[in-house]
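# Inside the fold
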Amino acid sequence: MSVYTEVERDDLVAFLSDYSVGELVSYQGISDGIENTNYFVTTSKGEYVLTLFEQHTFGELAYFLDVMTFFYMNDIPSAHPEADSQGHYLKKLCGKPAALVVRLPGRGVNATATIEQCAQIGAVMADMHLVGQSFQSRRPSERGPEWRQQTAQQLLPQLDDERTSILENELAHQQGYATLGLPEGVTHSDLFRDNALFEGNKLSGIIDFYFASDEYLLYDLAVAVNDWCVGEDGLPEATRYQSLMTHYLQKRALTESEQANWNMVCRAAALRFWLSRLQDQLFPREGELTQIKNPDAFLSILKYHREHPLTLDFN
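Residue positions are counted from 1 within each chain, in the order its sequence is given. Side-chain atom pairs in this predicted model are given and counted only at pLDDT of 80 or more, local residue features only at pLDDT of at least 70, and totals for whole chains, interfaces and linings cover all residues. Where side-chain values are given, they derive from all heavy atoms of the structure, hydrogens and water being excluded.

### Describing the overall build of the chain
Under the convention used in this document: Think of it this way: any DSSP run of H or I at least four residues long counts as a helix, any run of E at least two long counts as a strand, and we number them from the N terminus. We take the radius of gyration over the C-alpha atoms and set the globule estimate at 2.2 Å times the residue count to the 0.38 power. Note on exposure labels: buried denotes an accessible area under 20% of the residue type's maximum, exposed denotes more than 50%, and partly exposed covers the range between, all computed with a 1.4 Å probe on protein chains only. For this analysis, residues touch if any pair of their heavy atoms sits within 4.5 Å.
Regarding its fold elements, the chain presents ten helices and nine strands. Taking 2.2 N^0.38 as the reference for a compact globule, 315 residues should give roughly 20 Å; the C-alpha atoms of the chain span a radius of gyration of 20 Å, in line with that estimate. The burial tally for the chain puts 52% of its 315 residues in the buried class. Taking as baseline every contact in the chain between residues at least 6 positions apart, the subset at least 24 positions apart corresponds to 75%.

### Details of the packing of aromatic side chains
Worth spelling out the cut-off: Note on aromatic pairs: the rings of Phe, Tyr and Trp (six-membered ring only in Trp) are paired at centre separations within 6.5 Å, and the planes decide the class, stacked below 30 degrees, edge-to-face beyond 60, tilted for the rest. Lysine and arginine charges are scored as sitting over a ring when NZ or CZ, respectively, is within 6 Å of the ring centre and within 35 degrees of the ring normal.
One pass over the full model with this rule turns up 15 aromatic pairs. Ring plane angle 75 degrees and centroid distance 5.8 Å describe the contact between tyrosine 63 and phenylalanine 64, whose orientation is recorded as edge-to-face. Each member of the pair, tyrosine 63 as well as phenylalanine 64, carries the same accessibility label: buried. Ring-pair connections join several aromatic residues into one group, and the members of that group are Phe53, Tyr63, Phe64, Phe70, Phe71, Phe135, Phe209 and Tyr210. Here the guanidinium or amino end of arginine 148 rests over the ring plane of tyrosine 177, the centre of that ring lying 4.7 Å away. Across from the ring centre of tryptophan 147, 5.9 Å away, lies the NZ or CZ of arginine 272, which sits over that ring.

### Let's talk about helix α2 (residues 58-73)
Keep this limit in mind: For a helix, the expected span equals 1.5 Å multiplied by the residue count minus one.
With 16 residues, α2 extends 23 Å between its outermost C-alpha atoms, agreeing within 8% with the 22 Å of an ideal straight helix rising 1.5 Å per residue. Of the positions making up α2, those classed as buried are Leu61, Tyr63, Phe64, Leu65, Val67, Met68, Thr69, Phe70 and Phe71. Those residues of α2 hidden inside the fold are in contact with β5 (96-102), α3 (115-131), β6 (184-187) and β9 (213-216). Within two residues after α2, aspartate 75 carries a phi angle of roughly 65 degrees, on the positive side.

### Structural notes on the pairing of β5
Operational definition: Any two strands are treated as partners once DSSP identifies two or more bridges connecting them.
With six of its seven residues buried, β5 lies for the most part within the structure. As judged from the five bridges shared by strand β3 (residues 46-52) and β5, these two strands associate in the antiparallel manner. Bridge pairing links tyrosine 48 to valine 102 in β5. For strand β4 (residues 91-93) and β5, the ladder comprises three bridges, and the chain directions are antiparallel.

### Quick notes on the pattern of salt bridges
Filter applied, for reference: In the sections that follow, a salt bridge refers to a side-chain nitrogen of Lys or Arg positioned within 4 Å of a carboxyl oxygen of Asp or Glu.
Summed over the entire model, instances satisfying the criterion amount to 15 salt bridges. Between arginine 103 and glutamate 47 there is a salt bridge, with its nearest N and O atoms 3.9 Å apart. In this pair, arginine 103 sits in the loop between β5 and α3 while glutamate 47 sits in strand β3, placing the two residues 56 residues apart along the sequence. Classification of arginine 103 by relative accessible area gives partly exposed; the value is 31%. Overlapping salt bridges bring together Asp18, Asp84 and Lys91 as one network.

### As for the nonpolar core
Inclusion rule: Here, nonpolar core refers to any group of buried Ala, Val, Leu, Ile, Met, Phe, Trp, Tyr and Cys residues whose side-chain atoms link them within 4.5 Å.
Ranked by internal contacts, the top residues of the largest apolar core, which has 79 residues, are Ile121, Trp228 and Trp262. Counting residues per element, this core draws most heavily on helix α9 (residues 262-282), which supplies twelve residues. Among residues more than four places away in sequence, those in contact with isoleucine 121 are Leu191, Ala196, Phe198, Leu203, Ile206, Ala224, Trp228 and Leu244. One finds Val7, Leu12, Leu52 and Leu100 within the second-largest nonpolar core, a separate group that totals 16 residues.

### As for a negative patch on the surface
Spelled out, the test is: Two distance rules govern patches: like charges are joined within 9 Å, and nonpolar side chains (Val, Leu, Ile, Met, Phe, Trp, Tyr) within 5 Å, applied only to residues with over 30% relative accessible area and no salt bridge. What sets the accessible areas is the Shrake-Rupley method with a 1.4 Å probe; for residues, cover comes only from the shown protein chains. Positive charges come from Lys and Arg, negative ones from Asp and Glu, while His and the chain ends are left out of the count. To locate a charge, take NZ of a lysine, CZ of an arginine, CG of an aspartate or CD of a glutamate.
A cluster of acidic side chains, namely Glu6, Glu8, Asp10 and Asp11, defines a negative patch on the protein surface. When you line up the elements, glutamate 8 lands in the segment before α1 (9-16).

### Topic: the sheet that holds strand β2 (residues 37-43)
We apply this condition: As a rule, the C-alpha atoms of each element are fitted with a line to give its axis, helices using only the stretch in contact, and angles between N-to-C directions run from 0 to 180 degrees.
Judged by pairing direction, the sheet is antiparallel, and its five strands sit side by side in the order β1-β2-β3-β5-β4 without closing on themselves. In this open sheet, the two edge strands, each paired with only one partner strand, are β1 (24-29) and β4. Mean inter-strand twist for the sheet, computed between neighbouring axes without regard to direction, equals 35 degrees. Strand direction decides the pairing type here: β1 and β2, joined by five bridges, are antiparallel. Among the inter-strand pairings, tyrosine 27 is bridged to a residue of β2, identified as valine 41. Strands β1, β2, β3, β4 and β5 of the sheet are contacted by α1, whose axis makes an angle of about 120 degrees with β1. Packing of α2 onto the sheet brings it into contact with β4 and β5, and relative to β5 it is tilted by some 10 degrees.

### Structural notes on the state of the cysteines
Quick note on the threshold: The rule for a disulfide is simple: a pair of cysteine sulfur atoms within 2.5 Å.
Here the structure, examined in full by the defined rule, presents zero disulfides. We note that cysteine 118 lacks a disulfide partner, and the nearest cysteine sulfur, in cysteine 229, lies 4.6 Å from it. A residue is classified by how much of its surface remains accessible, and cysteine 118, at 0% relative accessible area, is buried.

### Comments concerning the pairing of β2
Summarising burial for β2: five of the seven residues are buried, a large majority. Examined bridge by bridge, β2 and β3 share seven bridges and lie antiparallel to one another. Counterpart to valine 41 in the pairing with β3 is tyrosine 48. Counting the residues in the hairpin turn of β2 and β3 gives two residues.

Shown next, in the form of structure tokens:
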């Protein structure tokens, strides 16, 4: 949620005039995240998050907004877009596609997650995977195995010998990822600690569905485990992991093929974010407020999964 496009007050006032949200009171850029331009917007009737999409076209964005609305309508605690006077969720602002989303109470989790927070994320992710089976729209992942292969080829010339060796070895190990045949469905695919809002230990909602796509459900779970279940050292920690997984598995059991491929999918999820953060670090985009996250955090997690496969035995 960086700021790449600066929005002038007069332009925002004109934009908001087509919504039933009252008068503009204030707005400020959000520096968290890295993909789109985001502002907190306060009006006389409420608080919102304004997103200007830097890399997606109007045609692509309808899917993400439909996902958000679908989960909201199916009682998943999640942010939902505001419709304009014509009933549209998407408009143009500063030449970019833009959406106004209701701002939920609470804050993202900046420190290590608590056991209770992990439990709630596991439970809500299972709910999302179950209700998501009836979602009709389809969209392939933008950051799947083909993207990982292409991005790796771009990055390899920039890496030292150790990282080159790890990356080439990992790509070889994951060659069969696309043909695993695991259960699929609509996934968040980016459910990090800063994409879930809490008031203390109470989950108030899931945000930022802009990487949503059809993927292995197990991949969505692995993305969450790799972020929510780490301890102070940045590596998977047993009690957080058990809490998240136990509450997920109480609602949705894993198939035999999912159990057999859990380690590979955990590694694929770690590889995806190592590569994207390396790309942001080595080929940064310009922005007024930007945050480039440390790629070594996910290199460490990838190394951990290569050496210490996570158990699925919680007895």
